[in-house]
Amino acid sequence: MADKQISLPAKLINGGIAGLIGVTCVFPIDLAKTRLQNQQNGSRLYTSMSDCLIKTIQSEGYFGMYRGAAVNLTLVTPEKAIKLAANDFFRQHLSKDGQKLSLLREMLAGCGAGTCQVIITTPMEMLKIQLQDAGRIEAQRKLMSQAAVRVPGGPVELRSHTAMQLTRELLRSQGIAGLYKGQGATLLRDVPFSIIYFPLFANLNSLGGCGADGPAPFYVSFASGCIAGSTAAVAVNPVDVIKTRIQTMTRGSQEDTYGGVTDCIRKILRQEGPSAFLKGAYCRALVIAPLFGIAQVVYFLGVGEFLLSFLPQQNN
């Protein structure tokens, strides 16, 4: 993928298809990540990723693991398309006569890609987090109710909020700024992620190239995407915890609220200690690794170019 000349429409199609496949495969793990990251001391429901997924199925059913997936499936296409296409765009414009980019230029290209994607990522994450965390909040309230009145348990009754209802509520109460709450934290996460991911992928992928100019086999692209993705994901996980906490609108009765990035950092350090910044790190690595591995394979296979080949060609 790194050096292939691919048309912009094909890049957008490749990024969209990769995002749809990846999200469908790993969304339950992403839900567990969000719920684990939002847990604060004194309000812990889940001990691990597997415990979270088991309890989610027991209380909300199998499809409870996919709460918020519709938002991701709708917006991940433009988000991943912008991210991957922007990186290729910046790489091409920063290269000199097709020569290999220096590490600094690769990092600049990644920085540009991460900056471009937040226009889609921020509202997507804002809506997704509310839907993903709703089950945790309702389960927490149910436990508090049982402790107070000692009633037998049963299935959790969830409020049927939809992404459209949340969007209308945010626009009505806060305007467009409501959808972009936490944009600063999103930039602090996505720009460093792209700075790490894209240069690391390009260099790992080049190690498996067939000759001087030959592309790497698809399995090398997949492995490179997985390694680079998981490495970058764990590296920026502390900022992902901060972003998740800031964007969460509904909290438990004993959970802190935050006035911004610095306030969030200070309260987490005081209440939970430095280890709280690593909450959900392995979940995030498990989400991002296949997501970007699949993306690179889709690019390698040229799915976008294949689909475009069926469109009628205009004769000049």
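Keep in mind the model is a prediction, meaning the values are calculated, not measured. (Residues numbered from 1 in each chain as written. Predicted model: local features only at pLDDT ≥ 70, side-chain atom pairs only at ≥ 80, totals over all residues. Heavy atoms only, no water.)

(A) Highlighting the packing of helix α1 (residues 8–38) against helix α3 (residues 69–94). For the pair α1 and α3, interaxial distance at closest approach is 7 Å and the crossing angle is 135°. What the angle tells us is that α1 and α3 run oblique. When you trace α1 past α3, the crossing you get is right-handed. Two secondary-structure elements touch here, α1 through L8, K11, L12, G15, G16, G19, L20, V23, T24 and F27 and α3 through A69, N72, L73, V76, T77, K80, A81, L84, A85, D88, F89 and Q92. (Axes fitted to C-alpha atoms, helices over the stretch in contact; angles between N-to-C directions. Helix = DSSP H or I, 4+ residues; strand = E, 2+ residues; numbered from the N terminus. Parallel < 35°, antiparallel > 145°, perpendicular 65-115°, else oblique. Left-handed = near helix turned anticlockwise from the far one by under 90°. Contact = heavy atoms within 4.5 Å.)

(B) Looking closely at the environment of T56. Structurally, T56 can be placed in helix α2 (residues 49–60). When the C-alpha positions of T56 and R136 are compared, they lie 8.4 Å apart, and in sequence the two are 80 residues distant. Those residues in contact with T56 that lie beyond four places of it in its chain are L31, R35, G61, G64 and M65. Only 3.1 Å separates the side chain of T56 from the side chain of R35, close enough to count as a polar contact. (Polar contact = N/O pair within 3.5 Å; in protein donor to acceptor, adjacent residues only side chain to side chain.)

(C) Fine view of the confidence of the model for the chain. Per-residue pLDDT for the chain has a mean of 84; in total, 89% of the residues score no lower than 70. Looking across the chain, the model is least confident in helix α12 (residues 303–308), with a mean pLDDT of 75, and most confident in helix α9 (residues 237–247), with 95. Throughout residues 149–158 the model reports pLDDT below 50, and contacts reaching past four residues in sequence, or to other chains, amount to 18 contacts. (pLDDT = per-residue confidence, 0-100.)

(D) Expanded view of the UniProt feature "transmembrane region" (unreviewed entry) in the chain. Within the UniProt annotation, "transmembrane region" (unreviewed entry) is assigned to residues 12–32 and 285–311. Secondary structure across residues 12–32 comprises 100% helix and 0% strand; the distance between its end C-alpha atoms is 29 Å. (UniProt positions renumbered as here; feature names shortened; annotations may be inferred.)

(E) The arrangement of empty space enclosed by the protein in detail. Applying the stated criterion across every chain, the model contains 2 cavities of 30 Å³ or more. In this structure, the largest cavity encloses a volume near 290 Å³. If you go around the largest cavity, you meet 23 residues; those closest to its centre are K80, E125, R284, I288 and L291. Put simply, the parts of the chain that give the lining of the largest cavity at least two residues each are α1, α3, α4 (103–149), α7 (183–207) and α11 (281–301). (1 Å grid on protein atoms, 1.4 Å probe; cavity = no way out; pocket = protein on both sides within 12 Å on 5 of 7 lines; lining within 4 Å. Points joined across faces, edges and corners; volume = space filled by probe spheres on them.)

(F) Spatial organisation of the environment of L94. Of note, L94 is situated in helix α3. Of the residues examined, L94 reaches a relative accessible area of 22% and is grouped as partly exposed. Sequence separation of L94 and A109 is 15 residues, and the distance between their C-alpha atoms is 7.6 Å. Leave out the neighbours within four places in its chain, and L94 touches L101, R105, L108 and A109. (Buried < 20%, exposed > 50% of the residue type's maximum accessible area, 1.4 Å probe, protein only.)

(G) Here's a closer look at the nonpolar core. Counting 36 residues, the largest nonpolar core has M49, F193, Y197, I288 and F292 as the members making the most contacts within it. Elements that contribute at least two residues to this core include exactly α1, α2, α3, α4, α7, α8 (218–235) and α11. The biggest single contributor to this core is α11, with 9 residues. Beyond its immediate sequence surroundings of up to four residues, F292 is in contact with K80, K83, F193, Y197 and G225. (Core = buried A, V, L, I, M, F, W, Y, C linked by side-chain atoms within 4.5 Å.)

(H) Spotlight on α3. Over its 26 residues, α3 extends 36 Å from the first C-alpha to the last, a length consistent with the 38 Å expected when each residue adds 1.5 Å. Maximal helix bending in α3 amounts to about 45°, located at L75; proline P78 follows within four positions. (Expected span 1.5 Å × (residues − 1). Bend = angle between axes of the 7 residues up to and from the residue.)

(I) Spotlight on the packing of aromatic side chains. This structure, assessed with the given rule, holds 10 aromatic pairs. Ring centres of F89 and F90 lie 5.4 Å apart, and the angle between their planes is 75°; this geometry places the pair in the edge-to-face category. The partly exposed category is assigned to F90, whose relative accessible area is 25%. Both rings, one in Y197 and one in F201, keep their centres 6.1 Å apart while their planes meet at 15°; by these two values the pair is stacked. In this pair, Y197 and F201 are both assigned in helix α7, 4 residues apart and thus about one turn of the helix distant. In this structure Y197 comes out as buried when scored by relative accessible area, which is 0%. Using a relative accessible area of 3% as the deciding quantity, one classes F201 as buried. (Phe/Tyr/Trp six-rings, centres within 6.5 Å; stacked < 30°, edge-to-face > 60°.)

(J) Expanded view of the packing of α3 against α7. It is the contact of α3 with α7, at a shortest axis distance of 12 Å, that shows an interaxial angle of 70°. Judged by the angle between their axes, α3 and α7 are roughly perpendicular. With respect to the hand of their crossing, α3 and α7 are arranged in right-handed fashion. Counted together, K83, L84, N87 and R91 of α3 and F193, S194, F198 and A202 of α7 form the full contact between these two elements. Partitioned by chemical class, the residues of the contact of α3 with α7 number 4 nonpolar, 2 polar and 2 charged. (Nonpolar A, V, L, I, M, F, W, Y, C, P; charged D, E, K, R; others polar.)

(K) Molecular detail of the side chain of S194. Inspection of the secondary structure puts S194 in helix α7. Sequence-distant contacts of S194, that is, excluding residues within four places in its chain, are made with K83, G110, A113, G114, Q117 and P199.

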